[in-house]
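Listed below are the residues making up each chain.
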Amino acid sequence: MSPRASTRALAFLTAALLLGGCTKEASTSEEGQEADARTLQKLRAEADRVKQGGAVATRPQPPQREPEESKLAGLAAGMGDNGPRKLRLPERNDTVHVDTVAVKVTGLEASHSVKGSSKAGLSLTTEDLFLRVELITQNVGGMPAPLTLEGVKLTDAKGQTYPLARDAQAVAGTKPLPSTWEPAQRTEVVLLFEVPPDAVQDDGLALVVQGAGGDVRIPLR
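If you're wondering where the values come from, they're calculated on a predicted model, not measured in any experiment.

About the thresholds
- Residues numbered from 1 in each chain as written.
- Predicted model: local features only at pLDDT ≥ 70, side-chain atom pairs only at ≥ 80, totals over all residues.
- Heavy atoms only, no water.
- Helix = DSSP H or I, 4+ residues; strand = E, 2+ residues; numbered from the N terminus.
- Buried < 20%, exposed > 50% of the residue type's maximum accessible area, 1.4 Å probe, protein only.
- Contact = heavy atoms within 4.5 Å.
- Areas by Shrake-Rupley, 256 points an atom, 1.4 Å probe, with all protein chains shown as cover.
- Polar contact = N/O pair within 3.5 Å; in protein donor to acceptor, adjacent residues only side chain to side chain.
- Core = buried A, V, L, I, M, F, W, Y, C linked by side-chain atoms within 4.5 Å.
- 1 Å grid on protein atoms, 1.4 Å probe; cavity = no way out; pocket = protein on both sides within 12 Å on 5 of 7 lines; lining within 4 Å.
- Points joined across faces, edges and corners; volume = space filled by probe spheres on them.
- Pairing = 2+ DSSP bridges.
- pLDDT = per-residue confidence, 0-100.
- Patch = residues over 30% accessible without salt bridge, like charges linked within 9 Å, V, L, I, M, F, W, Y side chains within 5 Å.
- Salt bridge = Lys/Arg side-chain N within 4 Å of Asp/Glu carboxyl O.
- Lys, Arg positive; Asp, Glu negative; His and termini not counted.
- Charge placed at Lys NZ, Arg CZ, Asp CG, Glu CD.
- Nonpolar A, V, L, I, M, F, W, Y, C, P; charged D, E, K, R; others polar.

Asks: Teacher, can you tell me more about the overall build of the chain here?
Replies: Helix and strand content of the chain: four helices and eleven strands. Going through the 221 residues of the chain one by one, you find that 37% of them count as buried. Intrachain contacts of the chain at a sequence separation of at least 6 include 67% that bridge at least 24 residues. For the chain, the computed accessible surface area is about 14000 Å², with 53% contributed by carbon and sulfur atoms.

Asks: In this structure, what is going on with the side chain of Q169? I would like to understand it.
Replies: Position of Q169 relative to the elements: it lies in helix α4 (residues 166–172). In this structure the side chain of Q169 is engaged in a polar contact, spanning 3.5 Å, whose partner is the backbone oxygen of V190.

Asks: Help me understand the nonpolar core, please; the structure alone is not making it clear to me.
Replies: In this structure, L154, L191, F193 and L207 are the most contacted members of the largest nonpolar core, which totals 33 residues. In terms of residues, this core owes the most to one element, strand β3 (residues 101–115), which gives five residues. Once you skip the residues sitting within four places of it in the chain, L154 turns out to touch L131, Q160, T161, Y162, F193, V195, L205, A206, L207 and L220. In terms of nonpolar packing, the next biggest core, distinct from the first, is built from seven residues, V114, V171, A172 and L192 among them.

Asks: Looking at this model, I keep getting lost on the layout of surface pockets. Mind explaining?
Replies: One simple way to see leftover space: roll a probe sized like a water molecule over the atoms. Here the second largest pocket defines a volume of roughly 170 Å³. Lining of the second largest pocket is provided by 13 residues; of these, L135, K175, E188, V189 and V190 occupy positions nearest its centre. Elements represented by at least two residues in the lining of the second largest pocket include exactly β4 (123–139) and β9 (186–195). With four residues, the top contributor of residues to the lining of the second largest pocket is β9.

Asks: Please explain the pairing of β3 as it appears in this structure.
Replies: For a regular strand, side chains alternate in direction, first toward one face of the sheet and then toward the other. Of all the 15 residues making up β3, twelve are buried; the element is thus mostly covered by neighbouring parts of the structure. Bridging between strand β1 (residues 85–86) and β3 involves two bridges; their strand directions are antiparallel. Residue pairing in the sheet places K86 in a bridge with E109 of β3. A loop of two residues connects strand β2 (residues 96–98) with β3, the two strands running antiparallel in sequence, and D99 in this loop sits at a positive phi of about 60°.

Asks: Explain the environment of A102 to me, please; I cannot follow it from the model alone.
Replies: With respect to the secondary-structure elements, A102 resides in strand β3. With 37 residues separating them along the chain, A102 and N139 place their C-alpha atoms 6.2 Å apart. Not counting chain neighbours up to four residues away, the residues in contact with A102 comprise T95, V96, H97, I136, T137, Q138 and V140.

Asks: Please clarify how the confidence of the model for the chain should be interpreted in this entry.
Replies: Atom-level detail of predicted coordinates should not be read off regions where pLDDT is low. Per-residue pLDDT for the chain has a mean of 77; in total, 65% of the residues score no lower than 70. Every residue in residues 2–28 scores below 50 in pLDDT, and together they form 23 contacts with partners more than four places removed in sequence or on other chains. The model gives residues 68–80 a pLDDT under 50, and that stretch makes 16 contacts with residues more than four places away or in other chains.

Asks: Just checking my understanding: could you explain a negative patch on the surface for this structure?
Replies: Together, E127, D128, D167, E194 and D198 make up a region of like negative charge exposed at the surface. Judged by relative accessible area, which is 54%, D198 ranks as exposed.

Asks: Is there a simple way to think about empty space enclosed by the protein in this case?
Replies: Summed over the entire model, instances satisfying the criterion amount to one cavity of 30 Å³ or more. Empty space within the largest cavity amounts to approximately 50 Å³. Among the elements of the structure, β3, β4 and β10 (206–211) are those that each provide at least two residues to the lining of the largest cavity. Residue composition of the lining of the largest cavity, by class: nine nonpolar, one polar and no charged.

Asks: In this structure, what is going on with the pairing of strand β11 (residues 214–219)? I would like to understand it.
Replies: Bridge analysis of β10 against β11 gives six bridges, and the strand direction is antiparallel. Following the sheet pairing, G211 is matched in β11 by G214. From the end of β10 to the start of β11, which pair antiparallel, there are two residues.

Written out as C-alpha cells, the structure reads:
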C-alpha cells in the first residue's frame, strides 16, 4: 500500500473512532455502551493494523447469480450437456392395447436440446428436459382403427400432466402422427415432451393415450 493510500485509510479509521466515541457518550443505556466499547475496540485494532502496513479490510461481495439467459445460451452451445441420454425402459414393458392398436415402448431419451435434421439448423433448448418416447404400434384388429395421438400426455405419481411438445415435434422433424391404423398396419411413433428433470425418474411416470373406451396408461418407469 502506498503512503498516500495508507494515510487516507488511517484518516478514515480515525474519523470512525471519533464517531464511535461520540455515539458512546450520547448513549444512555448500559447495553448501548457495551456495544460501543466493542466497536471502538475493533476499530482501534484495525487502525493499529493499518499503521503497521496492513491493507484496509473490505466487505466480501455476494456471489453473482448466473443470468437465466446465460444458462440457456450455455446449454444451446453444448456446455454442460452431453447430448441425448438413453433411459432404461420400464421393468415390465408389456404390450398395451388402445382399442385394437397394440402399443409397446421401444426407447426413451432425455436431453436439454432438440435439433432439427434440416439444413436450416433449427434447434430448441430448455433448462428442463425433452423426453423422447419411441413406440412401435400395430393394428391387430380386422378393421381400420381410428386413434388420435394429438391429445397424448405424460402423467406422474403426483398427478402432474405434461402435454405433447408440439414445437419440439416440429423442429425434430418427426413423422406426422397418424389418425387411423389400417388392419395389420405397423407404425413407429416418436413423441416429445418437455418435463422437469425429476419427472424422468418418477416411478409413476406414464404415457396416457385416449382410446374409444377411455384413457389407457402405458408405464414408462
